[in-house]
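# Structural description and commentary
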Amino acid sequence: MKIIITLVSFVALLAACGGNGQKTNDSKTPATKVKKVDGAKIYKTYCVTCHGLYGDMGGSGAFDLTTSKLNLKERIEVITKGRNLMTPFEGLLNEQKIKAVAKHIETLRSE
Ligand code: HEC
């Protein structure tokens, strides 16, 4: 009888340890998988050279983004395909990143 009780508690202990180990692993996985696309960061990396930090620099004849009237879809189009002196970004940024930066430049508008 004593042996059985010892065995049962030993198995219970093992199961508890195994279960805990798995739980900590599971809770870690989603946190490391989620990657946020930061439109402001993309803008600072790819767009400031011509548009400037506040969108109104106008380098290489760049459009003053603070007065831009384009809607989100039109901006995505310009950023993806380029326009005149503006280089297309479809080879540099994926769709998600282009959308994020197109949303970000809305915050540069003066009105
Ligand atoms: C090589 C310089 C250059 C870079 C880099 C650049 N642009 Fe431009 N951008 C321009 C020029 C020049 C125009 C005006 C195009 C024209 O005359 O048709 C323009 C126009 C635009 C327009 C159209 C504005 C409107 O209302 O018509 C948007 C939106 C825009 N750029 C966003 C961006 C974003 C976002 C980035 C970064 C991902 C970027 N640009 C990077 C030069 C640049």
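Predicted model, so just to flag it, every value in this text is computed and none were measured.

Parameters and conventions
- Residues numbered from 1 in each chain as written.
- Predicted model: local features only at pLDDT ≥ 70, side-chain atom pairs only at ≥ 80, totals over all residues.
- Heavy atoms only, no water.
- Donors = N, O, S within 2.8 Å, 3.2 Å for Na, K, Ca; no water.
- Tetrahedral: all angles 85-135°; square planar, octahedral: opposite > 155°, others 65-115°.
- Helix = DSSP H or I, 4+ residues; strand = E, 2+ residues; numbered from the N terminus.
- Buried < 20%, exposed > 50% of the residue type's maximum accessible area, 1.4 Å probe, protein only.
- Axes fitted to C-alpha atoms, helices over the stretch in contact; angles between N-to-C directions.
- Parallel < 35°, antiparallel > 145°, perpendicular 65-115°, else oblique.
- Contact = heavy atoms within 4.5 Å.
- Nonpolar A, V, L, I, M, F, W, Y, C, P; charged D, E, K, R; others polar.

## Side note on the coordination of the iron atom of the ligand
When a metal holds four donors in a tetrahedron, each ideal angle between them is 109.5 degrees; when it holds six in an octahedron, the ideal angles are 90 or 180 degrees. Bound to the iron atom of the ligand are the protein donor atoms His51 (NE2) and Met86 (SD), situated 1.9 to 2.0 Å from the metal. Around the iron atom of the ligand, the 6 donor atoms are arranged such that angles at the metal cover 85 to 180°; this shape is classified as octahedral. Remark: methionine 86 occurs in the loop between α4 (72-81) and α5 (95-104) and histidine 51 occurs in helix α3 (residues 48-51); sequence separation between them is 35 residues. Accessibility expressed as a relative area gives 26% for methionine 86, which makes it partly exposed.

## Digging into unusual backbone geometry
Residue serine 60 is not a glycine yet carries a positive backbone phi of 50°. The phi dihedral of asparagine 84 falls on the positive side, at around 45°, and the residue is not glycine. Within the element layout of this structure, asparagine 84 appears in the loop between α4 and α5. With a relative accessible area of 80%, asparagine 84 lands in the exposed category.

## Digging into the packing of helix α2 (residues 39-46) against α5
At a minimum axis distance of 8 Å, the contact between α2 and α5 shows a crossing angle of 90°. Comparing the axis directions of α2 and α5 gives the class roughly perpendicular. Taking contact as the criterion, the partners of Gly39, Ala40, Ile42 and Tyr43 in α2 are, on α5, Lys97, Ala100, Val101 and His104. Of the residues assigned to the contact of α2 with α5, the class counts are 5 nonpolar, 2 polar and 1 charged.

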